[in-house]
Amino acid sequence: MEWETVIGLEIHAQLATKSKIFSAASTAYGSEPNTQACAVDLGLPGVLPVLNEEVVRMAVKFGMAIEAEVAPYSVFARKNYFYPDLPKGYQISQMELPIVGTGHLDIEMDGKVKRIGVTRAHLEEDAGKSLHEDFHGLTGIDLNRAGTPLLEIVSEPDMRSAKEAVAYMRKIHELVRYLEICDGNMQEGSFRCDANVSVRPKGQQEYGTRAELKNINSFKFVEKAINIEVERQIDLIEGGGTVIQETRLYDSDKNETRSMRSKEEANDYRYFPDPDLLPVEISNTLRAEVTASLPELPTAKKQRFIKQYKQDSETSTTLTSSRQLADFYESVVESSGCEAKLCSNWITVNLLGALNKADIDINQSPIDSERLAGLLKRIEDNTISGKIAKQVFDTLWDSTATADEIIEEKGLKQITDSGAIETIIDKIIVDNPQQVEQYLSGKDKVFGFFVGQAMKATQGKANPAEVNKMLKDKLK
Amino acid sequence: MNLSADEVKKIAYLARLGINDNDIDAYASELSNMLDLMTQMSDTNTDAIQPMAHPMDQTQRFRADIASEKNQRQNFQSIAPQIENGLYLVPKVLD
Amino acid sequence: MHNKTITDLAKGLRSQEFSSVELTQAYLKRIKKHTDLNCYITFTEEQALKSAQQADKQLSSGKTSLLTGIPIAQKDIFCTQDVKTTCGSKMLDTFIAPYNATVIEKFNLAGAVMLGKLNMDEFAMGSSNETSFYGAVKNPWQTDSVPGGSSGGSAVAVSARLAVAVTGTDTGGSIRQPASLCGITGLKPTYGRVSRYGMIAFASSLDQGGPMARSAEDAAILLQTMAGFDEKDSTSVDKDVPDYSTGLNNSIEGLKIGLPKEFFNEGLNNDIANTIETAVSEYKKLGAEVKEVSLPNMKLAIPAYYVIASAECSANLSRFDGVRFGYRCDNPADLNDLYIRSRGEAFGSEVKRRILMGTYALSAGYYDAYYIKAQKIRRLIADDFKQALSEVDILMGPVSPTTAFGIGEKTNDPIEMYLADIYTIAVNLAGLPAMSIPAGFVENKPVGLHVIGNYFTEDKLLNIAHKYQQVTNWHLQTPKGFE
């Protein structure tokens, strides 16, 4: 039988605020345990939550970016369950009236655009962390993360393959970073995902029973976890079994998913509106302010790059993959005044290559847009050749000097003075009579030898076009 | 309405509330009586009524995004039942 | 000294008739003499004397408020830094809050002297103060009777003159009912008027702190300090606080009093009904007009209240889990054992009953039938009050259908106890301000007059109460042995 995979994702994006969703404790990552858990985060008796405005703005921003309805009124609810990383015995979340309603996002698969529905996005507080290292057989609880704002983005079950799921997750990842509402750091858990996976016979309308894969924190693992789970479900059904609705954990070491029975028992969360918080009203003023602060979104930017800079689709996708990279590119184009293509080549090939090798991203690039533009200017005005430019680029990477300073200091300026080149060429012709004869007798290949000699004699600084032209003239 | 002993046990577990076996029947009957009292509400038609969560018809006020809380771990943990290296300790949590 | 009003005491302190230390010592002496009433859980002698000394310094330097140097006491539901806050529960028997409730901060700022923390029903759940882990409190008017609850310790401290004035909290009548049963003046403000920050939550959408004192005049002074917007409490209302003392003597001529007919039904003790009628006729003499009004959905207030309050409390009390503070059982076998035994061993039976009730009402399949239904009824009740208060200025009636009952008399029948809250809880559902004013005695036990006003009309309520206290002396009566 042919099977179809159905996937929906629940993505948790930590919002990049300074303070927590309901308290004034810092959200900074990596502090000593429990040093950033204030009385509110600890759920001490009598303390009360007050909502962080920035959290609301960020959620509204996201809603607008996916063309969703942003609810004029939304309500916080208590989700009740006992767990040691959940200090109050309930998580403040949203149930019936989430802040962001139905929206959508387009992904691109093999050149085709597919629209993925977003069911809703709601605000909630993150829990703390349980540390299982050995505390004499006990578990240690660190509540620094408790109360960190999360936007939970719930998709429709619109994805039909692990690849689509990854494409969607990447798209959301790109978007939240564009909007500057989440740092997207998956290692630190700022961006994580649960996947609802089911299979059904191809052509069947109704969905199969789904399993929820919990807390997957890399794109690679999402794909692997979904594929292995799909395989498991198909094997199970084909072997006469049935899939049960449950939560499963992906084990990346063994590349398998396994049931988390401990989370299963009696999931009765007893949601009800949190009486400590009032309904959240999104005023027209706030709406207008957020609209005004919306950046150009990735898809629009990509289209603009294609049109404005005459880039192909692939290059535009690369250049707009992050807001910082796109900004970097545009700033290089602007300050160098160079041809757009030259700029994109140097960024996508040389700069991104070097960044990848160093495993850092564009924000940490040792070469800023200004210095790269300085280099490109000298390529375009023929001061240096492309080959020399690579040498200058390496020096730019390791120093703080400008391209002009490097060219000057190392004497890398291209020789464009035709008199000087002529003298050199004449000497080469005189010194190599054998090769001249070969060339004149029809061995065109030998021409390269003369070019090579000329470049060698000038340490690569001769303008190659000039050398070519002059050699051709002289060897007639 | 009659709540069974099993139902009481189930709710007590949801609430992680230890109750003595000897008391379960008493709780079951008291809760049943309370439920009888509550069913009085069902006689009133409220189809067109909006639920009222708060006495004040107000909306949520916002706090500016400022991280002003200082580290008070020592102070907060001085009242904790069991701590080590700044962590709260609990019996082993199994995932 | 212990029969003086705050205003008189403030005068005495300023004219150096006595010092705050002397005044505090006088109260400390009385408290020690009457420990059998059991109204204090914690008695902070040393701290009280220290702050009295400080108050005396302030008084001589001139930077003071009316409460500077006045010995008051706090219901043990308000978190106090460095002083144990138990909420009447074994769960918090050793709990010392690392912060002050906003109300406590305000009293500290005003220079008031705290004598101690007052007994109460466990987590404010109860109407007799018998659910306290620290034992029942005796009503000074008849020591085998309850003082009411949950602010029973508070009412007794004022009634027996063991504090000049005190705080209480009112979720379903917990200020007004003990005030009525102990013959003192208690005011439950409009929901949102007084900050709930640091006041341990029972039912968040109903809880409200307020003053309990001998007279409306004293209550006004306390409320002045307690009231006001607090940015730490999302439900506190950002609205100017009027001066509660200036209008106390305003004329109430032409005041329209409404008597809800549902307040005078068959459940009401006849003698209490007569007492209320007499009080109302006193108002007529002061120029008020009286008419009958109706609150047709009153009878549904009890079921709606017990659903909402239980549901909210079931979640509010989840944080008491033995992990970060409070009681933890010995040698838990595993995580669930830690939760189940810590909570099972430290919560009393009334608290458990309400947690179970609330958990049930919120659980899958029952949410709409109980919780949503109760919230809809809540709106009907609030609308009833809105209608009635559009016809009249103020509503009057009894606070409680009976006077103080015997200790142990009703403990075996929780429902009967709940039913006795009939007149008070509807007010909490609507969020309105209301008072209990001493209005007489039935068989030597005090009876309170219930006065319910429109939102944020605490000034009007205090004015109405004060005018009555100018022409009556019920509020000046002191139980035998406590004169």
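Note that the structure is a prediction, hence the values are computed from the model and not measured.

Cut-off values and rules
- Residues numbered from 1 in each chain as written.
- Chains lettered and ligands numbered in written order.
- Predicted model: local features only at pLDDT ≥ 70, side-chain atom pairs only at ≥ 80, totals over all residues.
- Heavy atoms only, no water.
- Helix = DSSP H or I, 4+ residues; strand = E, 2+ residues; numbered from the N terminus.
- Rg over C-alpha atoms; globule rule 2.2 N^0.38 Å.
- Contact = heavy atoms within 4.5 Å.
- Lys, Arg positive; Asp, Glu negative; His and termini not counted.
- Charge placed at Lys NZ, Arg CZ, Asp CG, Glu CD.
- Pairing = 2+ DSSP bridges.
- Axes fitted to C-alpha atoms, helices over the stretch in contact; angles between N-to-C directions.
- Buried < 20%, exposed > 50% of the residue type's maximum accessible area, 1.4 Å probe, protein only.
- Polar contact = N/O pair within 3.5 Å; in protein donor to acceptor, adjacent residues only side chain to side chain.
- Buried area = accessible area lost by both parts, 1.4 Å probe.
- Salt bridge = Lys/Arg side-chain N within 4 Å of Asp/Glu carboxyl O.
- Nonpolar A, V, L, I, M, F, W, Y, C, P; charged D, E, K, R; others polar.

A. The arrangement of the overall build of chain B in detail. Secondary structure summary: chain B contains three helices and three strands in total. From first element to last, N terminus to C terminus, chain B shows the α and β order α-α-β-α-β-β. Taken over the C-alpha trace, chain B has a radius of gyration of 22 Å; the compact-globule value for 95 residues is 12 Å, which it surpasses by more than 25%. Restricting to contacts in chain B with at least 6 residues of sequence separation, those with at least 24 account for 29%. If the 8 positive side-chain charges of chain B are averaged to one point and the 14 negative ones to another, these points end up 16 Å apart.

B. Quick look at the sheet that holds strand 9 (residues 394–398) of chain C. Residues and elements named next belong to chain C. The strand order across the open sheet formed by 11 strands is 1-3-2-4-6-5-10-11-9-7-8, and the pairing between neighbours is mixed. Because the sheet does not close on itself, it has two edges, and the strands there are strand 1 (40–43) and strand 8 (289–293). The mean inter-strand angle of the sheet, taken between neighbouring strand axes irrespective of direction, is 30 degrees. In terms of strand pairing, strand 2 (residues 71–75) meets strand 3 (residues 113–118) through four bridges, oriented parallel. Residue pairing in the sheet places Ile72 in a bridge with Met114 of strand 3. Contacting strand 7 (256–260), strand 8, strand 9 and strand 11 (445–452), helix 12 (residues 367–391) runs over the sheet at an angle of about 115 degrees to strand 9.

C. Up close: the environment of Ser310(C). Residue and element names in this part refer to chain C. Take Ser310: it is sitting in helix 9 (residues 301–316). Accessibility expressed as a relative area gives 0% for Ser310, which makes it buried. The spatial distance from the C-alpha of Ser310 to the C-alpha of Ala361 is 8.2 Å, given a sequence separation of 51 residues. Not counting residues up to four positions away in its chain, the partners in contact with Ser310 are Tyr305, Arg354, Met357 and Gly358.

D. Spatial organisation of the side chain of Ser336(A). All names here are of chain A. Here Ser336 is to be found in helix 8 (residues 323–336). A residue is classified by how much of its surface remains accessible, and Ser336, at 9% relative accessible area, is buried. Polar contacts involving the side chain of Ser336 include one to the main-chain carbonyl oxygen of Val332, which spans 2.7 Å. Beyond its immediate chain neighbours, meaning those up to four positions away, Ser336 contacts Cys343, Ala373, Leu376 and Lys377.

E. Main features of unusual backbone geometry. With omega at 5 degrees, the peptide bond leading from Gly149(C) into Ser150(C) counts as cis. Inspection of the secondary structure assignment puts Ser150(C) in the loop between strand 3 and helix 5 (152–159). Backbone geometry at Glu180(A) places phi at a positive 55 degrees, although glycine is not the residue there. For Glu180(A), the location among the structural elements is in the loop between helix 3 (162–178) and strand 11 (191–201). One non-glycine residue, Arg16(B), lies in positive phi territory at about 45 degrees. By secondary structure assignment, the location of Arg16(B) is in the loop between helix 1 (5–14) and helix 2 (24–39). Take Arg16(B): its relative accessible area is 9%, and that puts it in the buried class.

F. How the structure looks around the interface of chain C and chain A. On the side of chain A, 30 residues touch chain C, which itself brings 36 residues to the contact. When chain C packs against chain A, the two sides together hide about 2700 Å² of surface, and 60% of this comes from carbon and sulfur. The tally of links from chain C across to chain A stands at one salt bridge. Inspection of the chain C/chain A interface yields 13 residue pairs in polar contact (both at pLDDT 80 or more). Of all the secondary-structure elements, those providing two or more residues to the side of chain C that touches chain A are helix 9, helix 10 (335–346), helix 11 (349–362) and helix 12 of chain C. A total of four residues in the side of chain C that touches chain A trace back to one element, the largest contributor, which is helix 9 of chain C. Taken together, the residues of the side of chain C that touches chain A sort by class into 18 nonpolar, nine polar and nine charged.

G. Representation of the interface of chain C and chain B in the model. At the junction of the two partners, chain C supplies 69 residues and chain B supplies 49 residues. Contact with chain B buries surface across chain C, with Leu356(C), Tyr360(C) and Lys376(C) losing the most and accounting together for 13% of the total. For the pair chain C and chain B, the interface holds one salt bridge. Between Arg353(C) and Glu30(B) there is a salt bridge; the shortest N-O distance is 2.5 Å. In this assembly, chain C and chain B are joined by 17 residue pairs in polar contact (both at pLDDT 80 or more). In terms of residues, the side of chain C that touches chain B owes the most to one element, helix 12 of chain C, which gives 12 residues. Looking at the side of chain C that touches chain B residue by residue, the classes come out as 40 nonpolar, 15 polar and 14 charged.

H. The arrangement of the pattern of salt bridges in detail. One pass over the structure, following the stated rule, counts 46 salt bridges over all chains. Where Arg232(A) meets Glu229(A), a salt bridge forms, and the shortest distance between an N and an O atom there is 2.8 Å. Taken together, the residues span about one helical turn, with Arg232(A) and Glu229(A) both in helix 4 (residues 219–238) at a distance of three residues. Owing to a relative accessible area of 22%, Arg232(A) belongs among the partly exposed residues under this scheme. With a shortest N-O distance of 2.8 Å, Arg304(A) and Glu330(A) are connected by a salt bridge. In this pair, Arg304(A) is assigned in helix 6 (residues 298–308) and Glu330(A) in helix 8, connecting sequence segments 26 residues apart. Salt bridges sharing partners connect three or more residues here, namely Arg78(A), Asp274(A), Asp276(A), Arg196(C) and Asp233(C).

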